[in-house]
Amino acid sequence: MKGRLLTIILAVTLFLLAVLSLFVGVIDINLSSLFSGDAKQWEIFIVSRLPRLLAILCTGVGMSVAGLIMQQLCMNKFVSPTTGATISSAQFGILLALLFMPGATLWGRALFAFATAILGTWLFVWFIQRVKFKDVVMVPLVGIMFGNVIGGVTNFLAYKFEMTLSSWLVGHFSLVIKGRYEIVYLVVPLVIIAFIFANHFNIVGLGKDFSKNLGVNYNLILFIGLTIAAVITASVVVVVGSISYIGLIVPNVVAMFKGDKIRGTLVDTALFGAIFVLVCDMIGRVVIAPYELPIELIVGILGSILFIGLLLYRLKNGRKAIRLTGSGTTSCGNSSSHLDGGSQT
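Conventions used here
Residues numbered from 1 in each chain as written. Predicted model: local features only at pLDDT ≥ 70, side-chain atom pairs only at ≥ 80, totals over all residues. Heavy atoms only, no water. Patch = residues over 30% accessible without salt bridge, like charges linked within 9 Å, V, L, I, M, F, W, Y side chains within 5 Å. Areas by Shrake-Rupley, 256 points an atom, 1.4 Å probe, with all protein chains shown as cover. Salt bridge = Lys/Arg side-chain N within 4 Å of Asp/Glu carboxyl O. Helix = DSSP H or I, 4+ residues; strand = E, 2+ residues; numbered from the N terminus. Buried < 20%, exposed > 50% of the residue type's maximum accessible area, 1.4 Å probe, protein only. 1 Å grid on protein atoms, 1.4 Å probe; cavity = no way out; pocket = protein on both sides within 12 Å on 5 of 7 lines; lining within 4 Å. Points joined across faces, edges and corners; volume = space filled by probe spheres on them. Nonpolar A, V, L, I, M, F, W, Y, C, P; charged D, E, K, R; others polar. Core = buried A, V, L, I, M, F, W, Y, C linked by side-chain atoms within 4.5 Å. Contact = heavy atoms within 4.5 Å.

(A) Summary view of a nonpolar patch on the surface. A surface patch of nonpolar side chains, about 520 Å² in accessible area, is lined by Val279, Ile283, Val286, Val287, Ile288 and Tyr291. Checked against the element boundaries, Val279 lands in helix α13 (residues 262-286). By relative accessible area, Val279 is classed as partly exposed at 31%.

Encoded structure:
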């Protein structure tokens, strides 16, 4: 009952904030004008405000679920699309599309981003599986370094061929209008698929030997999970740009209250992720109005504070400290890695 109450609170909060966000912006929109049939107000509402809200919701839900999947498959609470080189790989794919197909549509760029994001994520996991001695912090550090290498190559090629990647390097919703954001709708079916395979992801996260004993195809489920996370991330990067921390912070915060089982936390993770992104976007719209701050900046500031608070809280409370253990060899090659912040109960 307590878990359902939390879900209801998150859902109601998200609904209220979503309605409020429709009326926050440079141009004032009010209900009386909409009900009276004001053509200009309805045009702004349909072309800009509603698409922006839908893109925000899809981004928050998608990036949070992608982070949850990657953390479960790798049994590491610090793995996410940011620390797993997925975002950097998607940006590299967009650059390749601009170089080889300058006239490509948004969907054409998305296909390149999908391919490179999947490949980059798999290279990261493949490399981690072959590192024998590591702790819980080493895995994301390797991912960050790998992502920086990809980012360096991307920036070098962009400067060499005089390409502009600013729209995809810094996440923002200011350019989201009708006809330019629909790719993020891919998040919806992918999240549904993730929910269907939730129990399989839990099993695969326990290790290859454990999965084999339970009759689960380890490689197939691992491929499905990482592909879902990569495609979700790429679809967001193509439309919105890079937004860090969401896939790292949100699953950890929810897990503190709901545990680590995906099926039990996926809905709450999606709701809290949408709330987090929506709040950050609204702050960016009003803090220096009528100008707007990129959401990447707001998420970076709040995400850093939340992340530090999360670490301190888990280290202080032994019962909820991060503890990662596996049976056999886990998805990212951890046989027994943990970070203790006190006694476990």
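The rest of the description comes next.
(B) Up close: the layout of surface pockets. By volume, the second largest pocket is sized at about 280 Å³. If you go around the second largest pocket, you meet 15 residues; those closest to its centre are Ile87, Ser88, Gln91, Asn148 and Ser242. Mapped by element, the contributors of at least two residues to the lining of the second largest pocket are α4 (86-100) and α6 (138-160). The biggest single contributor to the lining of the second largest pocket is α6, with 6 residues. Partitioned by chemical class, the residues of the lining of the second largest pocket number 3 nonpolar, 11 polar and 1 charged.

(C) Inspection of the pattern of salt bridges at higher detail. Counted according to the given criterion, the structure contains 4 salt bridges. The salt bridge involving Glu292 is made with Arg52; its shortest N-O contact spans 2.4 Å. Of the two residues, Glu292 sits in the loop between α13 and α14 (295-316) while Arg52 sits in helix α3 (residues 39-74), which places them 240 residues apart along the sequence. Salt-bridge contacts for Asp268 lead to Lys258; the nearest nitrogen and oxygen are separated by 2.2 Å.

(D) Quick peek at the nonpolar core. With 84 residues, the main nonpolar core has Phe173, Phe201, Ile246 and Leu278 as its most contacted residues. Element by element, the count of residues in this core is highest for helix α11 (residues 218-239), at 15 residues. Contact partners of Phe201, with chain neighbours within four places excluded, come to Ile69, Gln72, Leu73, Ala194, Ile221, Ile224, Gly225, Ile228 and Ile262. With 6 residues, the next largest nonpolar core counts Val136, Leu248, Val253 and Phe307 among its residues.

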